[in-house]
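Structural overview
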Amino acid sequence: MMKTWQAGKRLLPMTAALGLLLAGCGREDLSVLRPQGPVAESSYGLMKLSITIMIVVLLIVFSIAAYVWIRFRRKKDQDEIPEQVEGSFKLEVLWTVIPLILVIVLAIPTVKVVFAAGNDHSDDKDAIKVKVTGHQYWWEFEYKDYGITTAQDLIIPTGKHIAFELSTKDVLHSFWVPSLAGKMDTNPDGTVNRFSFSAPNEGVYRGKCAELCGPSHGFMEFKVKAVSGDAFEKWIASMKAPESVMPEDPVLAEKFKSQCLSCHAIGSMPASPVAPSLTGIGSRESVAGILLNDDTREDGAPVLENLKTWLHDPQSVKPGNKMPNPKDRGLSDEEIDGIAEFLAGYTLD
Amino acid sequence: MDWITTVDHKKIAILYLWAGGLFFGIGGLEAILIRIQLIKPMNTFLDAQTFNELITMHGTTMIFLGVMPVIFALMNAVIPLQIGARDVAFPFLNSLGFWTFLFGGLLLNLSWVMGGAPDAGWTAYTPLSGKGYSASHGVDFYTIGLQIAGLGTLIGGINFLATIITMRAPGMSFMRMPMFAWATFITSAIILFAFPAVTVGLVLLTFDRILDANFFDVAGGGNPVLWQHIFWIFGHPEVYILILPAFGIISEVIPTFSRKRLFGYSSMVFATILIAFLGFMVWAHHMFTTGLGPVANALFSVSTMLIAVPTGIKIFNWLFTMWGGQVRFTTPNLFAAGFIPTFTMGGVTGVMLASAPADFQFHDTYFVVAHFHYVIVGGLVLGLFAGLHYWWPKMFGRMLSESLGKWTFWTFIIGFHLTFFVQHFLGLMGMQRRVFTYLPNQQFDTLNLVSTVGAFLMGVGMIIFLVNVFLTSRRPADAPDDPWEDGRTLEWTIPSPPPEYNFKQTPLVRGLDAFWKEKMAGHKGMTPAEPVGPIHMPSATILPFLMSVGIFIAGLGFMFSRDEFSSSIMSFLFNNYIVTALGLLITFGSMLMRSLFDDHGWHIEPEELEGR
Ligand code: HEM
Ligand SMILES: [Cu+2]
């Protein structure tokens, strides 16, 4: 075993160089190659090791091939019959043993990481427990210990282990935050998956659904927002404090209640199984997971505008999603805009 | 009519080739549409539903209907010749296998015009493929079409097993068999063990959808992950069903154009068997993220990595076959040369994927898309091109144009690497697979554009190949028996194209590379193992065609048995299973005919053989 480790070590300089090179690829909040937490880091370590080994293999194969093609190319009027070599026991053993060693060099750390404890923190008293539920095409996050449920934005404190319990309400989805950890499928009840990650640094990370789940599979995104411990406590507190949240105009309030709250929940209402909670939607990172609430960026827009886009035609934003068009529910354009304004102003402090 | 009733393996090979070409073309068009949609972010060229249908049909068509028949075409054309046989073991079954395959494929593609193609991915994961989430008949076309086509594949596989076991020419022991025959033998064995699994899976899914069974429905006590296991227990060996024949082809082409025997023949045989064996043990590496737990993930990780060892043996043996030889870059050998580095790149990404914790990141991203296209297109399709150019003169008596062949090669392979190399990076940068579009500003835009441009270049390569085929077909059929001059195996000892009976006299095999051995001994041809005598030939028959039509009708009937039609006659016919029964009646009636009326075939007399 000593030997294989040494072989592994000899690959280190190349691994390091490769790491630097790959780190240039992609956005920090999205790319697998720029890990922002220990779990993604451990996958990335294996990736660097395996890429290094594989590049070595490729270089050997390519150079032998190039040499053979050039050196043994048939020349004009070359007509003698080449020796019909049967094979070579020594050589054949050589290229059985070398790949075997390379495989062992990769297999040992792989098995180690597979078993690495700490990837399941469901019994950890200190961990934040979040139940993730996949829906066509939105994400629900339930913090059982705090009795709150939110959607689309997963708020987590930095430095703490987040212990996830994953499942789905309909088809299979896969929960993936590339820069924080690899993905894990959400299976129906009975085969619930558990795993965990942590984010040392504050920031907003992009999450995706990685299992084909219907037409809007590609739009089933979410955001992971890592905040300081204090900010997290404050967020929890404001989520728990049920405010009077209703549009001021009584007609609008009535419409909102009868047409929207039949599926959605806000404030202290019990979470709805069919639609995302709207509590504090005005302060979320995005509307519907994909319309970015950031007017400083060219692919973003103010939250009000995004809400209007969504409410005026949900199908055109996310084809195949399950929300009825408010117009078909008898809301006029003005009423829709009014509700959008109300929601945009519904923020948590 | 001749083509519908033929039982001659050489004609069936050509039928497989045309059918495969047709489906390959359809799958290729689907691919181009997919790439056009992904050329830029938030593209609206296709809608989401159509896109999902296209990716589903592209994958299904390419794997089951595009490359499989081309593999079967080459096997049919070459195997009996290579082992010195006059036909396959069961010519009637051979024809039946083709027709069920064709009608299954047609049924599947009918979905485009009959109200919606399957849309749950070629892997058809439940519950998305269940009736609750895929309400059109799309997935029914998938289950029933593949069931029928799979029947043909299974029949074909069993036929090759029997042929290779029982019909080798005198002197051809297993260890003297050409590598392509070995590959066919092992591939057929994999088919024999793997296809029953998918047959069962498809039956269960059909029952779930049409008869409201609950095999994969949690609410009814079923389990959707069960589908994944069944699918991949078939699906993983399936990828070896695809690649082993390519290995076989490369092992024929490289020695011929290096003028050397295959380096390490026995280790090649051993490696092939080992790959097939390991191929059955690693299915769950497609399911690392399903939550199998660390023990299963560790085991499947390591067993998957082990496949790299026999694969490596093969690659180095090919390289050392050329070492010390006289390498000639004809079109077939150019494709074989392109195969080695390209396939190796697909192999090494496979080993990377095998590391489970790393696969948590790779899985279901464009990295995987790149990986399997490197093995399937960069490995198998390049192999098939090598084989087609190599054996074309034997199949059709005409040499394909070498210069057009080289153009095909260069456009295709450059296009290929442009298309798929960048996809590794797309995956690593966070692009999931099977997305109908993507948001801007994720740094995916340029790479996707490059990928689409590459796809068009590959398309150009395919068109040049078709032009080559067309132009060649108009030239006289004057290819010599041994057109590459350095042929080593038995197929090069007989005329191109071979006569109906292949060998006037069964040859006597005196070693590996039987023909080469005779040439080195100064002989012009093979020593016959028997005197000239009457040759028994099977009769042509339309029954296999009719049986397949029957199954096709029965499949359609079953699929629509629960539908309400606007016309009451239609409802009556379908809802009472009358259409289904009619189809089955045709099939079983034909079977009955076959068993009641003995057909002893016919003979070609010695005078006729000599009179040629
Ligand atoms: C050294 C050889 C190989 C290794 C170690 C290997 C390994 C793997 C692994 C681990 C995956 C799962 C990746 C994931 O979904 O996350 C995979 C996927 C795949 N491989 Fe390979 N592979 C090898 C060769 C091949 C060959 C020869 C073929 C086909 C001719 C092939 C075709 C595929 C296909 C089609 C998929 C994707 C299936 C899907 O998800 O749709 N592979 N391979
Ligand atoms: Cu999803």
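Below is a short write-up of the structure.

Per the secondary structure count, chain A includes nine helices and twelve strands. Scaling as 2.2 N^0.38, a compact globule of 349 residues should have a C-alpha radius of gyration of about 20 Å, whereas chain A reaches 27 Å, well beyond that. C-alpha extents for chain A along the principal axes are approximately 100 × 55 × 40 Å. Relative to its 349 residues, chain A shows a buried fraction of 53%. The long-range fraction of contacts in chain A, counting pairs at least 24 apart against all pairs at least 6 apart in sequence, stands at 63%.

Residue and element names in this part refer to chain B. Around ligand 1, 20 residues are found, and the nearest of them are Asp 359, His 363, His 371, Phe 372 and Arg 433. Measuring from a nitrogen atom of ligand 1, one finds a side-chain N or O atom of His 371 at 2.9 Å. For the shell around ligand 1, the secondary structure elements donating two or more residues are α7 (224-258), α11 (331-354) and α13 (366-396).

In this section: the coordination of the copper ion (ligand 2). All names here are of chain A. All of the protein donors around the copper ion (ligand 2) are His 173 (ND1), Cys 209 (SG), Cys 213 (SG) and Met 220 (SD); their distances to the metal are 2.1 to 2.7 Å. Between consecutive donors of the copper ion (ligand 2), the numbers of intervening residues give the motif H-x35-C-x3-C-x6-M. Taken together, the residues His 173 in strand β6 (residues 173-177) and Met 220 in the loop between β9 (203-209) and β10 (222-227) connect sequence positions 47 residues apart. In this structure His 173 comes out as buried when scored by relative accessible area, which is 0%.

So, on to the coordination of the iron atom of ligand 1. From the protein, the iron atom of ligand 1 takes a single donor atom, His 371 of chain B (NE2), 2.4 Å away. When you line up the elements, His 371 of chain B lands in helix α13.

Glancing now at helix α6 (residues 250-260) of chain A. All names here are of chain A. Residues of α6 that are buried include every one of Leu 252, Ala 253, Phe 256 and Cys 260, and no others. Projected onto a plane normal to the axis of α6, the buried residues spread over an arc of 105° and lie on a single side. Seen from the buried face of α6, the exposed residues on the opposite side, beyond 90 degrees, are Pro 250 and Val 251. Of the surrounding secondary structure, the elements contacted by the buried residues of α6 are α9 (333-345). By the N-cap criterion, in which a side-chain oxygen at the helix start approaches the backbone nitrogen of a residue two or three places on, α6 is capped by Asp 249, the distance to Val 251 being 3.0 Å.

Residues and elements named next belong to chain A. Under the defined criterion, the tally for this structure stands at 28 salt bridges over all chains. The shortest N-O distance in the salt bridge between Asp 79 and Arg 74 comes to 3.4 Å. On the basis of relative accessibility, which here comes to 23%, the residue Arg 74 falls in the partly exposed class. The residue Asp 333 makes a salt bridge to Lys 327 at a minimum N-O spacing of 4.0 Å.

Moving on to the sheet that holds strand β4 (residues 153-157) of chain A. Residue and element names in this part refer to chain A. Taken together, the five strands give an open sheet; going across it, the order is β4-β10-β9-β6-β7, and neighbouring strands pair in mixed fashion. Across the chains shown, the open sheet's two edge strands, defined by having one partner strand only, are β4 and β7 (181-186). Across the sheet, the axes of successive neighbouring strands diverge by a mean angle of 25°, strand direction being ignored.

With respect to the helices and strands, Thr 166 of chain B occurs in helix α5 (residues 138-166). Thr 166 of chain B sits 81 residues away from Ala 85 of chain B along the chain, and the two C-alpha atoms are 9.6 Å apart.

This brings us to the nonpolar core. Across soluble globular proteins, nonpolar side chains have a tendency to be buried as a group. By size, the foremost hydrophobic cluster in this structure holds 284 residues, and its most contacted members are Tyr 143, Phe 164, Phe 175 and Phe 197 of chain A together with Trp 318 and Leu 319 of chain B. No other element matches helix α3 (residues 48-82) of chain B, which puts 21 residues into this core. Sequence-distant contacts of Phe 197 of chain A, that is, excluding residues within four places in its chain, are made with Val 39, Ile 156, Lys 160, His 161, Ile 162, Phe 164, Phe 175, Val 177, Leu 180 and Ala 181 of chain A. Counting residues in each nonpolar core, the second largest holds seven residues, with Phe 288, Ala 298, Phe 300 and Phe 360 of chain B among its members.

On to the packing of aromatic side chains. Following the criterion strictly, the structure yields 77 aromatic pairs over all chains and no others. Ring geometry for Phe 232 of chain A versus Trp 235 of chain A: centroids 6.1 Å apart, planes at 35°, classification tilted. Placement of the pair is Phe 232 of chain A and Trp 235 of chain A together in helix α5 (residues 229-240), with a separation of three residues, close to one helical turn. When sorted by exposure, Phe 232 of chain A lands in the same class as Trp 235 of chain A, which is buried. Between Phe 257 of chain B and Tyr 390 of chain B, the ring centres sit 5.8 Å apart and the planes meet at 70°, which makes this aromatic pair edge-to-face. Placement of the pair is Phe 257 of chain B in helix α7 and Tyr 390 of chain B in helix α13, with a sequence separation of 133 residues. Its relative accessible area of 1% is what places Phe 257 of chain B among the buried residues. With a relative accessible area of 1%, Tyr 390 of chain B lands in the buried category. Grouping aromatic residues by their ring pairs yields a cluster made of Tyr 16, Phe 23, Phe 72, Phe 98, Trp 99, Phe 101, Phe 103, Phe 160, Phe 545 and Phe 552 of chain B. A cation sits over an aromatic face here: Lys 183 of chain A above Trp 176 of chain A, 4.1 Å from the ring centre. In this arrangement the basic side chain of Arg 594 of chain B is found over the ring face of Phe 92 of chain B, its NZ or CZ atom lying 3.7 Å from the centre.

On to the interface of chain B and chain A, then. Accessible area lost when the parts come together is the quantity often used to give the size of an interface. Taken residue by residue, the interface counts 93 residues in chain B and 87 residues in chain A. At the surface where chain B touches chain A, the tally comes to three salt bridges. Applying the counting rule to chain B against chain A returns 28 residue pairs in polar contact (both at pLDDT 80 or more). With nine residues, helix α10 (residues 308-322) of chain B is the largest single contributor of residues to the side of chain B that touches chain A.

Residues and elements named next belong to chain A. Those residues of helix α7 (residues 303-312) that fall on the buried side of the exposure criterion are Val 303, Asn 306, Leu 307, Trp 310 and Leu 311. With its buried residues spanning 125° around the axis, α7 presents them on a single face. In this fold, the buried residues of α7 make contact with β11 (286-287), β12 (291-292), α8 (314-317) and α9.

Omega for the bond connecting Gln 136 of chain A with Tyr 137 of chain A falls within 30 degrees of zero, at -5°, which places this linkage in the cis form. Checked against the element boundaries, Tyr 137 of chain A lands in the loop between β1 (128-135) and β2 (138-143). Here the amide bond leading from Thr 126 of chain B into Pro 127 of chain B is cis, since omega sits at 0°, within 30 degrees of zero. Within the secondary structure, Pro 127 of chain B sits in the loop between α4 (91-110) and α5. Despite not being glycine, Arg 434 of chain B shows a phi value in the positive range, around 60°. Along the chain, the position of Arg 434 of chain B falls in the loop between α14 (402-428) and α15 (445-473).

Before going further, it helps to examine the packing of α14 of chain B against α15 of chain B. Residue and element names in this part refer to chain B. At a closest axis distance of 7 Å, the pairing of α14 and α15 adopts a crossing angle of 160°. With respect to their mutual orientation, α14 and α15 come out roughly antiparallel. Relative to α15, the crossing made by α14 is left-handed. The class makeup of the residues in the contact of α14 with α15 is 21 nonpolar, eleven polar and no charged.

Below, the discussion takes up empty space enclosed by the protein. Residues and elements named next belong to chain B. Evaluation of the coordinates by the stated rule reveals seven cavities of 30 Å³ or more. Put simply, the largest cavity is a space of about 110 Å³. Forming the boundary of the largest cavity are 14 residues, of which Met 179, Ser 251, Glu 252, Leu 262 and Asp 513 lie nearest the centre. Class assignment for the residues of the lining of the largest cavity results in eight nonpolar, three polar and three charged. Approximately 50 Å³ is the volume found for the second largest cavity. Along the walls of the second largest cavity sit Gln 82, Met 172, Arg 176, Met 177, Pro 178, Thr 489, Leu 490, Val 509, Gly 511, Leu 512, Asp 513 and Ala 514, which together make up its complete lining.

What counts, and at which threshold
- Residue indices follow the written sequence of each chain, beginning from 1 at its first position.
- Here chains are named by letter from A upward and ligands by number from 1 upward, in the order in which they appear as written.
- The predicted nature of this model means local features are confined to residues of pLDDT at least 70 and side-chain atom pairs, given and counted, to a pLDDT of 80 or more, with totals for whole chains, interfaces and linings taken over all residues.
- Note that the side-chain values use all heavy atoms of the structure and ignore hydrogens as well as water.
- We count a stretch as a helix when DSSP gives it H or I for four or more residues in a row; a strand needs E for two or more, and each element gets its number in order from the N terminus.
- This radius of gyration counts C-alpha atoms alone. The globule rule is 2.2 Å times how many residues there are, raised to the power 0.38.
- Throughout, exposure labels follow a simple rule: accessible area from a 1.4 Å probe, protein chains only, divided by the maximum for the residue type, with under 20% read as buried, over 50% as exposed, and the rest as partly exposed.
- Contacts are assigned to residue pairs that have any heavy atoms within 4.5 Å of one another.
- Being near a molecule or strand, for a residue, comes down to having at least one heavy atom within 4 Å of it.
- Within 3.5 Å is the distance limit for a polar contact, defined as a pair of N or O atoms, with the added protein rule that one can donate a hydrogen and the other accept it, and that residues adjacent in sequence qualify only through two side-chain atoms.
- In this analysis a donor is any N, O or S atom within 2.8 Å of a metal ion (3.2 Å for sodium, potassium and calcium), and since water is not included, sites may seem incomplete.
- The arc in question is traced by the directions running from the helix axis to the C-beta atoms.
- A side-chain nitrogen of Lys or Arg and a carboxyl oxygen of Asp or Glu constitute a salt bridge if their distance falls within 4 Å.
- Pairs of strands are assigned from DSSP output, requiring at least two bridges between the strands.
- Geometry is summarised by axes, namely lines fitted to C-alpha atoms with helices restricted to the contacting stretch, and by angles between N-to-C directions that run from 0 to 180 degrees.
- Only buried Ala, Val, Leu, Ile, Met, Phe, Trp, Tyr and Cys residues count toward a nonpolar core, and they belong to the same one when joined by side-chain atoms within 4.5 Å.
- Paired rings are identified among Phe, Tyr and Trp, the last through its six-membered ring, by centres lying within 6.5 Å, and are further divided according to the angle between planes into stacked (under 30 degrees), edge-to-face (over 60) and tilted (the rest).
- Counting as a charge over the ring demands two things of the Lys NZ or Arg CZ atom: a distance within 6 Å of the ring centre and an angle within 35 degrees of the ring normal.
- Should an angle fall under 35 degrees it is called roughly parallel, over 145 degrees roughly antiparallel, and 65 to 115 degrees roughly perpendicular, with every other angle called oblique.
- For any helix crossing, the convention is left-handed if the near helix is rotated counterclockwise from the far helix by under a right angle, and right-handed if that rotation is clockwise.
- Note on residue classes: Ala, Val, Leu, Ile, Met, Phe, Trp, Tyr, Cys and Pro are nonpolar, Asp, Glu, Lys and Arg are charged, and everything else, Gly too, is polar.
- A 1.4 Å probe that fits but cannot get out identifies a cavity on a 1 Å grid over protein atoms alone, an open set with protein on both sides within 12 Å along at least five of seven lines counts as a pocket, and a residue lines either if it has an atom within 4 Å of a point.
- Grid points are joined across faces, edges and corners, and a volume is the space filled by probe spheres set on the points.

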